[in-house]
Amino acid sequence: MHIKNLKLTNFKNYKSESFHFNSKYNAVVGFNGMGKTNLLDAVYFTCMTKSNFTSQDRNLVLMGEDFLRTDALISDSKIVCKYEKGKKKVFEINKKAYTKLSDHIGKFPVVFIAPNDQNLLLEGSIERRKLLDNTISQLDQKYLLSLIRYNTLLNQRNAYLKLVAKSGGYNQEMALTYTQQMLEPCQYIFTKRSDFIREFSDSFAKKYGVISNGQEVASCNYKSQLVDGDFLELTKENIQKDRILNRTSIGIHKDDLVFKMDDKAVKYFASQGQTKSFVLSIKLAQYEIIAQVKNVKPILLLDDLFDKLDHRRVQHLISLLESEKVEQVFISDTDPDRIINILEEMNVEYNKIVINNGSQQDEKDAGEEE
């Protein structure tokens with residue numbers, strides 16, 4: 001599976017631009033702010049129906065315009081997205097529109113590695129839950145639907161708690177009704193996350209060992225209130241706490257992942273290079289598991305990959321990519337020679353895409369397929 005071509009109309013800083021891609025490596029080069037990351041995000045958007053960086057589709061529309069459109073060919077499937085501000089976003093596959101965007105998730109798996117992924121380690125638990133949800137949703141449609149259902153009910157329960165805090169009239173049976181409806185999706189999500197982490201933690205630790213050349217030992221553990229308790233009973237026990245806080249304090253929306261290096265918290269002890277190596281290991285483990293379960297290699301997007309990585313860690317990373325037998329890869333870099341030299345040394349097929357202010361420069365694509 002690979003994306004063969006992509007046309008962008010009013011997408012971020014692209015007015016109208018068409019791209020043709022190599023089925024192996026695509027080097028996207030240019031100065032900062034020219035649109036390299038936007039191109040990678042457009043590929044992600046095509047696969048996931050949303051941006052990797054914003055949940056607001058209106059933020060994807062070129063300034064001064066009211067709509068955007070993307071046209072892509074992934075293997076033999078033509079994917080079209082039409083979005084106009086103030087209207088519902090439409091995704092089509094082979095000229096047939098989806099009734100639900102969730103039906104598209106998982107058809108064309110993708111893994112994005114970006115500089116802000118360091119938030120997986122440095123910020124709050126919401127970023128780590130996003131990692132879980134992004135990965136498992138591409139593997140299991142029921143998980144995605146359960147997540148949508150759970151979050152809808154969670155928002156409704158929280159809204160009820162806020163309402164009665166202002167107006168009074170708290171009804172315990174009403175609160176319990178929301179809790180009972182949340183039980184099934186909550187339990188399914190918890191089970192799938194638990195199963196996933198058992199595979200993920202082992203893969204992650206091995207990949208970090210390769211990238212760090214065995215200098216440190218990495219680990220990942222799943223932290224959930226449901227590990228040692230029943231969701232329904234725990235919620236009943238904490239109902240007074242919920243009423244005081246005006247929100248639901250028990251559930252899978254409180255789950256977290258705990259990452260450690262040599263049994264120490266990565267957040268407090270890792271250097272910039274170690275942090276980036278951790279993130280790369282996390283995402284490559286994500287890539288491996290998706291490939292195994294789906295029996296298809298995801299598209300791999302590597303944005304600003306080499307910043308703050310020393311030469312030794314870059315070498316180990318490239319070796320790891322090759323050992324994974326990755327298929328289609330996009331790598332952005334501000335240095336046009338650095339990435340090309342590495343790809344030349346690897347003796348692999350590649351396409352060079354030079355971006356300048358939202359446009360593709362006319363430059364002969366070195367190493368392009370015949």
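The rules behind the values
Residues numbered from 1 in each chain as written. Predicted model: local features only at pLDDT ≥ 70, side-chain atom pairs only at ≥ 80, totals over all residues. Heavy atoms only, no water. Pairing = 2+ DSSP bridges. Helix = DSSP H or I, 4+ residues; strand = E, 2+ residues; numbered from the N terminus. Salt bridge = Lys/Arg side-chain N within 4 Å of Asp/Glu carboxyl O. Buried < 20%, exposed > 50% of the residue type's maximum accessible area, 1.4 Å probe, protein only. Contact = heavy atoms within 4.5 Å. Axes fitted to C-alpha atoms, helices over the stretch in contact; angles between N-to-C directions. Core = buried A, V, L, I, M, F, W, Y, C linked by side-chain atoms within 4.5 Å. pLDDT = per-residue confidence, 0-100. Polar contact = N/O pair within 3.5 Å; in protein donor to acceptor, adjacent residues only side chain to side chain.

Draft legend 1. Inspection of the pairing of strand S1 (residues 3-11) at higher detail. Bridge count between S1 and strand S4 (residues 67-74): six bridges; the pairing is antiparallel. Residue pairing for S4: asparagine 5 is matched across the bridge by leucine 73. Pairing of S1 with strand S2 (residues 14-20), which is carried by six bridges, proceeds in the antiparallel orientation. The residue of S2 that forms the bridge with leucine 8 is glutamate 17.

Draft legend 2. Examining the sheet that holds strand S3 (residues 25-29) more closely. The strand order across the open sheet formed by six strands is S8-S12-S13-S3-S14-S15, and the pairing between neighbours is mixed. In the strand order of this sheet, the two ends are held by strand S8 (110-113) and strand S15 (359-360), each with one partner. Relative to strand S13 (residues 329-333), S3 runs parallel, the two sharing five bridges. Directly across from tyrosine 25, in S13, lies its bridge partner valine 329.

Draft legend 3. Structural detail: the pattern of salt bridges. Throughout the structure, instances matching the rule amount to 20 salt bridges. Of the charged contacts, one joins lysine 4 and aspartate 76 as a salt bridge, the two residues approaching to 3.8 Å between their closest N and O atoms. Of this pair, lysine 4 sits in strand S1 while aspartate 76 sits in the loop between S4 and strand S5 (77-84), and the two are 72 residues apart along the sequence. A relative accessible area of 69% places aspartate 76 in the exposed class.

Draft legend 4. Geometry of the sheet that holds S5. Spatial ordering of the open sheet is given by S2-S1-S4-S5-S6-S7, a layout of six strands whose pairing is antiparallel. For this open sheet the edge positions go to S2 and strand S7 (96-97), each flanked by a neighbour on one side alone. Each of S1, S2, S4, S5 and strand S6 (90-93) touches helix H1 (residues 36-48); the most contacted strand, S1, lies at about 110° to it.

Draft legend 5. The nonpolar core, seen in detail. One finds Tyr25, Phe200, Phe204, Phe259, Phe278 and Leu300 to be the most contacted residues of the largest nonpolar core, which totals 65 residues. Contact partners of tyrosine 25, with chain neighbours within four places excluded, come to Leu321, Glu322, Val326, Val329, Ile331, Leu343, Met346, Val348, Glu349, Tyr350 and Asn351. Ranked by size, the runner-up nonpolar core spans 40 residues in total, among them Met34, Val43, Phe45 and Phe112.

Draft legend 6. Expanded view of the confidence of the model for the protein chain. Mean pLDDT for the protein chain: 89, with 94% of residues reaching 70 or above. In the predicted structure, residues 365-370 sits below a pLDDT of 50 and forms 14 contacts with residues beyond four places in sequence or in another chain.

Draft legend 7. Geometry of the environment of aspartate 41. Structurally, aspartate 41 can be placed in helix H1. With residues up to four places along the chain from it excluded, the contact list for aspartate 41 reads Phe11, Lys12, Ser51, Asn52, Phe53, Leu60 and Phe112.

Draft legend 8. Molecular detail of the side chain of asparagine 38. Mapping asparagine 38 onto the fold places it in helix H1. Within the structure, the side chain of asparagine 38 is placed 2.8 Å from the side chain of asparagine 13, a separation counted as a polar contact. Setting aside residues up to four positions removed in sequence, asparagine 38 forms contacts with Phe11, Lys12, Asn13 and Tyr14.

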